[in-house]
Amino acid sequence: METVWVLGDQLSRQGGALAGRRPGEVRVLLVESRGKWASRRWHRQRLHLVVASMRRLARELTEEGFEVDLRTADSLADGLAAHRRRYRPERVVAMSPMSWDGAELLARCDVATVANDQFLCSAEQFAEWAGDRSRLRMEDFYRWQRTRLGYLMDGDEPTGGRWNHDAANREPPPTDGRPWPAPLVDDLDELDDEVLADIERAVPELWGGPPDGTWATSRSGALARLDHFVDEVLPLFGPHEDAMLRDEWKLAHSTLSPYLNLGLLHPGEVADAAAEAHRRGSVPIASAEGFVRQVIGWREYVWGVYWLWMPGYRSLNALDARRPLPPVLRGGPTDMACVGRTLAALDRHGWLHHIERLMVLGNLGLLAGVAPDEMVEWMWSSFVDGAEWVMLPNVVGMALHADGGRMATKPYAAGGAYLNRMSDHCGTCRYDPRRRVGADACPFTTLYWDFLARHEDGLRGNHRMGNPLGSMRRLRDLPAVRERATEVLAMLDDGTL
């Protein structure tokens, strides 16, 4: 009998090597790797989500009538070898992996593969689209995706006459005290308890709050959250998608990324649901378009560039950033309100929305010069939707500009003024976003100007950096700012900022 090997981030009964298979035709293998568990300092909700979802799928397949070999081993390769010794399968087949190392492992272990179908644009299609373009722009890719897939289109033209409604989706945080839709929460069961006990015993370095039922670990739970988002949350999504509130961890974001990245949801059904909600009039075009852009545009663009530029993309460090991961990202104290509250939300939920990731945590890493590999490792292990293909382009390309501009046209650097405009953190912070020197100066403001001064030579040729660099050169107190930046970086390093 043939074996279908289901990897831990490909938990789809409907797709991959399981698609169309029936009980009795194939045996199913799932391997829990103790080496993978111990490889990073995982957020406990991240590790729980993956392991519980694997075990729940194994249970569902067994109930369907499949013979399932769910085993724990020191490594994926060891688990496969043990399965082969026990069952002598005619062939082992899996979906093409989600990572470069995974693809090399399957090739080394003589595992046949079928095409990866967890995206709407395959790596091969993306490479064909990229062709010999001198520059890859996400907006160009997104419009190509919209056109070929037909989302929010009226014939050959975009619905509403505009491709991109981002300008309508950058409003600052509302101050009216409005309630935001609460997430669905499931009761934990004996399987969750068992998984949590197993990972706590095996991995002493886990961190973060315990699972509380926010994150679904089954296909049915993920579908319920998709329905809830489209019906209750998506109508509110657009205008404030870039805003940050100290007392609200998700606002109107979908929080569907973990299920997309594990295969519990498919991007096609997610985009279909959003487009249909707009068609029937329950979701405004700016919200529907902004969300569809995240799903079929940005997410698939990140997937494409990962495969296009690997494996060399891992080692890029265009700004020569060498600073070790600062203690605050390991749970150390801080007086920076935006950083402290963002990390508190991450600790509790294992998830943050894209602006908190990019403009608070990523921005801090960029301005301080944190080493890209350390930032990638930390983000990969800290988020419930983390994976190498997600974090490498988002951190190396977007957050840290470590690829020198291959992915983003400019560094996403910002001072305290941006954070003050897009959040309500600054009003209760001991640091003043308007000040760049002195003990009460906002560290982001100080480090922003110092970052521009440090990298002036390298950024001078970037047309999008002309105005910021010009403003930096006109600062009369730039020497004092740079002196204060040295103090700020020392405080960041020793955990006293």
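Residues numbered from 1 in each chain as written. Predicted model: local features only at pLDDT ≥ 70, side-chain atom pairs only at ≥ 80, totals over all residues. Heavy atoms only, no water.

1. Examining the nonpolar core
Step number 1: Among the nonpolar cores identified, the biggest contains 153 residues, and Phe291, Val339, Leu361, Trp389, Phe444 and Leu452 are the most heavily contacted of them.
Step number 2: With twelve residues, helix H11 (residues 285-309) is the largest single contributor of residues to this core.
Step number 3: Look past the residues within four positions of leucine 361 in its chain and what remains in contact with it is Leu329, Thr342, Leu343, Leu352, Glu356, Met375, Trp378, Met379 and Phe383.
Step number 4: The next biggest cluster of nonpolar side chains, apart from the first, holds twelve residues, and it includes Leu7, Leu80, Ala94 and Val111. (Core = buried A, V, L, I, M, F, W, Y, C linked by side-chain atoms within 4.5 Å. Buried < 20%, exposed > 50% of the residue type's maximum accessible area, 1.4 Å probe, protein only. Helix = DSSP H or I, 4+ residues; strand = E, 2+ residues; numbered from the N terminus. Contact = heavy atoms within 4.5 Å.)

2. Topic: the pairing of strand E4 (residues 92-95)
Within a regular strand, the side chains alternate between the two sheet faces.
Step number 1: Burial along E4 is two-sided: the face carrying Val92 and Ala94 and the face carrying Val93 and Met95 are both buried.
Step number 2: When strand E1 (residues 2-5) meets E4, the two strands line up parallel, connected through three bridges. Looking at E4, one finds that tryptophan 5 is bridged to alanine 94.
Step number 3: Pairing of E4 with strand E5 (residues 112-114) involves three bridges; the strand directions are parallel. Following the sheet pairing, valine 93 is matched in E5 by alanine 112.
Step number 4: After leaving E4, the chain enters helix H4 (residues 100-108) and then returns to the sheet as E5, a path that is right-handed. (Pairing = 2+ DSSP bridges. Right-handed = clockwise from strand over helix to strand, strands pointing away.)

3. A few points about the pattern of salt bridges
Step number 1: In this structure the tally under the stated criterion is 41 salt bridges.
Step number 2: The closest approach of N and O atoms between arginine 293 and glutamate 289, which form a salt bridge, is 2.8 Å. You can see arginine 293 and its partner glutamate 289 sitting in helix H11, four residues apart, about one turn around the helix. The same class applies to arginine 293 and to glutamate 289, which are both buried.
Step number 3: Across the pair aspartate 432 and arginine 434 runs a salt bridge, and its minimum N-O distance is 3.1 Å.
Step number 4: You can call arginine 434 exposed: its relative accessible area is 70%.
Step number 5: Residues joined in a network through salt bridges with shared partners are Glu32, Arg55, Glu194, Asp198 and Arg201. (Salt bridge = Lys/Arg side-chain N within 4 Å of Asp/Glu carboxyl O.)

4. A closer look at the environment of aspartate 231
Step number 1: Relative to the elements of secondary structure, aspartate 231 occurs in helix H8 (residues 219-233).
Step number 2: Taking relative accessible area as the criterion, aspartate 231 reaches 48% and is therefore assigned partly exposed.
Step number 3: Taking the C-alpha atoms as reference points, aspartate 231 and alanine 273, 42 residues apart in sequence, are found 9.6 Å from one another.

5. Here's the deal with helix H7 (residues 190-202)
Step number 1: Across its 13 residues, H7 extends 18 Å between first and last C-alpha, which sits within 8% of the 18 Å expected from 1.5 Å per residue.
Step number 2: By the burial criterion, the buried members of H7 are Leu191, Asp192, Val195, Asp198 and Ile199. The arc that holds the buried residues of H7, viewed along the axis, is 130 degrees, so those residues lie on one side. Of the residues in H7, the exposed ones pointing more than 90 degrees away from the buried face are Glu190 and Arg201.
Step number 3: Contacts made by the buried residues of H7 are with helix H1 (34-38) and helix H2 (44-64).
Step number 4: Among the residues of H7, the N-terminal cap falls to aspartate 189, whose side-chain oxygen and the backbone nitrogen of leucine 191 are separated by 3.1 Å. (Expected span 1.5 Å × (residues − 1). Arc of directions from axis to C-beta. Polar contact = N/O pair within 3.5 Å; in protein donor to acceptor, adjacent residues only side chain to side chain.)

6. Remarks on the packing of helix H13 (residues 354-368) against helix H15 (residues 388-399)
Step number 1: Viewed as axis vectors pointing N to C, H13 and H15 meet at an angle of 65 degrees, and their least axial separation amounts to 10 Å. The angle between the axes of H13 and H15 places the two elements in the roughly perpendicular class. Crossing of H13 over H15 shows right-handed handedness. Of the residues in H15, those touching H13 at Arg357, Leu358, Gly362 and Leu366 are Met391, Met398 and Ala399.
Step number 2: The residue makeup of the contact of H13 with H15, split by class, is five nonpolar, one polar and one charged. (Axes fitted to C-alpha atoms, helices over the stretch in contact; angles between N-to-C directions. Parallel < 35°, antiparallel > 145°, perpendicular 65-115°, else oblique. Left-handed = near helix turned anticlockwise from the far one by under 90°. Nonpolar A, V, L, I, M, F, W, Y, C, P; charged D, E, K, R; others polar.)

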